[in-house]
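In case you want the letters, here they are:
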Amino acid sequence: MVIKKVSLDIVAGVTSKLPETDMPEVALAGRSNVGKSSLINALMNRKAYARVSASPGKTQTINYYNINDILYLVDLPGYGYTKASVKVKEQWGRMVERYLKGSGSLKAVFLLNDSRHPPTASDRQMFDWVCRSGYRPVVIATKSDKLKKNDIEKNKKIIRQTYGMKPDDVLIMTSSLKKENIEEVWQVIESVMT
Ligand SMILES: Nc1nc2c(ncn2[C@@H]2O[C@H](COP(=O)(O)OP(=O)(O)OP(=O)(O)O)[C@@H](O)[C@H]2O)c(=O)[nH]1
Ligand SMILES: [Mg+2]
């Protein structure tokens, strides 16, 4: 995708009504600090348009990034932030559930997973949630620059097994820092847009 124009069009808070958009949406879900905002920046070919957290749990809103007026990349707030209060966690769950159930334009949900670690219980819950909502799971493993070459295939296998992914389910190892496999992620986005 040649990026001609990006803009943060909509910021939806925990209690706000979610917008009905007229462009396809691809959402990114994952634990706090996994690298969602960084991946969005890499996809948009911008250094720091989406806010990257120094401290986890920064993105507490659903942010809609308009790409070339043809697509929204939707940055969902991170889950699994242990320091968040029970109330915040509940609000998070309700907001994301509302989004997954309610968005008429949602085409795919990308599940981001740190490439160094096997999926956690909350990752697996999110994975099941996405599948049950009728979406094909697409797993994006992040921060692959932190892995030794030898561990790439090994960790891919562990992630696949832990989620119970089917052989034709997509898993892409990425590094937003090194811009690795970002084009592959774009190919998946483009394949689900129509
Ligand atoms: N080495 C490396 N670090 C990364 C990569 N992607 C993200 N990070 C770092 O991981 C931290 C979290 O990144 P974010 O993109 O803010 O993560 P997030 O998932 O948006 O976090 P929340 O908004 O809190 O849910 C930051 O310090 C990033 O610089 C990557 O590909 N490689
Ligand atoms: Mg973020």
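You'll find the structure just up there.
**Q** Residues and numbers for the overall build of the chain, please.
**A** Across its full length, the chain holds 5 helices and 7 strands. Along the chain, from the amino end to the carboxyl end, the secondary structure elements read β-β-α-β-β-α-β-α-β-α-β-α. Here the chain has a C-alpha radius of gyration of 15 Å; the compact-globule value for 194 residues is 16 Å, and the two agree. In terms of overall dimensions, the chain has a C-alpha envelope of 45 × 40 × 35 Å along the principal axes. Pairs at least 24 apart in sequence give 72% of the contacts found in the chain among residues at least 6 apart.

**Q** Give me the pairing of strand β5 (residues 106-114): which residues, what numbers.
**A** Counting buried positions along β5 gives 8 out of 9 residues, so the element sits mostly inside the fold. Inspection of the sheet shows strand β2 (residues 25-30) paired to β5 by 6 bridges, in the parallel sense. Looking at β5, one finds that E25 is bridged to L106. For the handedness criterion, the β-α-β arrangement of β5, helix α3 (residues 121-132) and strand β6 (residues 137-142) is classed as right-handed.

**Q** Pulling in residues and values, what's your account of the nonpolar core?
**A** By size, the foremost hydrophobic cluster in this structure holds 43 residues, and its most contacted members are A27, L28, A29, L73, V74, F110 and L111. The element contributing the most residues to this core is β5, with 6 residues. Other than its neighbours up to four places away in sequence, A29 contacts L76, V109, F110, L111, L112 and M126.

**Q** Break down the pairing of strand β4 (residues 71-75) for me, citing the residues and quoting the values.
**A** One face of the sheet, then the other: side chains in a regular strand alternate in exactly this way. Most of β4 is tucked away: 5 of the 5 residues are buried. Burial of the side chains of β4 extends over both faces: L71, L73 and D75 are buried on one face and Y72 and V74 on the other. One ladder, built from 5 bridges, connects strand β3 (residues 62-67) with β4; its direction is antiparallel. Looking at β4, one finds that Y64 is bridged to V74. The hairpin formed by β3 and β4 contains 3 residues between the paired strands, and N68 there has a positive phi angle of roughly 50°.

**Q** Please set out the sheet that holds strand β7 (residues 170-173) residue by residue, giving values where relevant.
**A** Strand order in the open sheet formed by 7 strands is β1-β3-β4-β2-β5-β6-β7, and the pairing between neighbours is mixed. Because the sheet does not close on itself, it has two edges, and the strands there are β1 (6-12) and β7. The mean angle between the axes of side-by-side strands here comes to 25°, regardless of whether they run parallel or antiparallel. Helix-sheet contacts for helix α4 (residues 149-163) involve β5, β6 and β7, and the interaxial angle to β7 is about 145°.

**Q** Go over the environment of S175, please, and point to the residues and values.
**A** Here S175 shows up in the loop between β7 and α5 (182-193). Note on S175: 21 C-beta atoms within 10 Å, which makes it buried. Considered as a pair, S175 and Y135 are 40 residues apart in the sequence and their alpha carbons are 24 Å apart. The residues contacting S175, other than those within four sequence positions of it, are K143, S144, D145 and E180.

**Q** Can you tell me about α3, naming the residues and giving the values?
**A** Here α3 is 12 residues long and its end C-alpha atoms lie 16 Å apart, about the 16 Å a rise of 1.5 Å per residue gives. Restricting attention to buried positions, one finds in α3 the residues D123, M126, F127 and V130. Angularly, the buried residues of α3 cover 100° about the axis, an arc narrow enough to put them on a single face. Residues of α3 that are exposed and point over 90 degrees away from its buried face: A121 and R132. On its buried face, α3 sits against β2, β5, β6 and α4. Remark: G134 follows α3 within two positions and exhibits a positive phi of approximately 95°.

**Q** Explain unusual backbone geometry to me, using residue names and the numbers behind them.
**A** Its identity is not glycine, yet N45 carries a phi of approximately 60°, on the positive side. Assignment of secondary structure puts N45 in the loop between α1 (36-44) and β3. The backbone phi angle of N68 is positive, close to 50°, even though this residue is not glycine. Accessibility expressed as a C-beta count within 10 Å gives 13 for N68, which makes it partly exposed.

Scoring rules and cut-offs
- Residues numbered from 1 in each chain as written.
- Chains lettered and ligands numbered in written order.
- Predicted model: local features only at pLDDT ≥ 70, side-chain atom pairs only at ≥ 80, totals over all residues.
- Helix = DSSP H or I, 4+ residues; strand = E, 2+ residues; numbered from the N terminus.
- Rg over C-alpha atoms; globule rule 2.2 N^0.38 Å.
- Contact = placed C-beta atoms within 7 Å.
- Buried ≥ 20, exposed ≤ 12 C-beta atoms within 10 Å, placed from the backbone.
- Pairing = 2+ DSSP bridges.
- Right-handed = clockwise from strand over helix to strand, strands pointing away.
- Core = buried A, V, L, I, M, F, W, Y, C linked by C-beta atoms within 7 Å.
- Axes fitted to C-alpha atoms, helices over the stretch in contact; angles between N-to-C directions.
- Expected span 1.5 Å × (residues − 1).
- Arc of directions from axis to C-beta.

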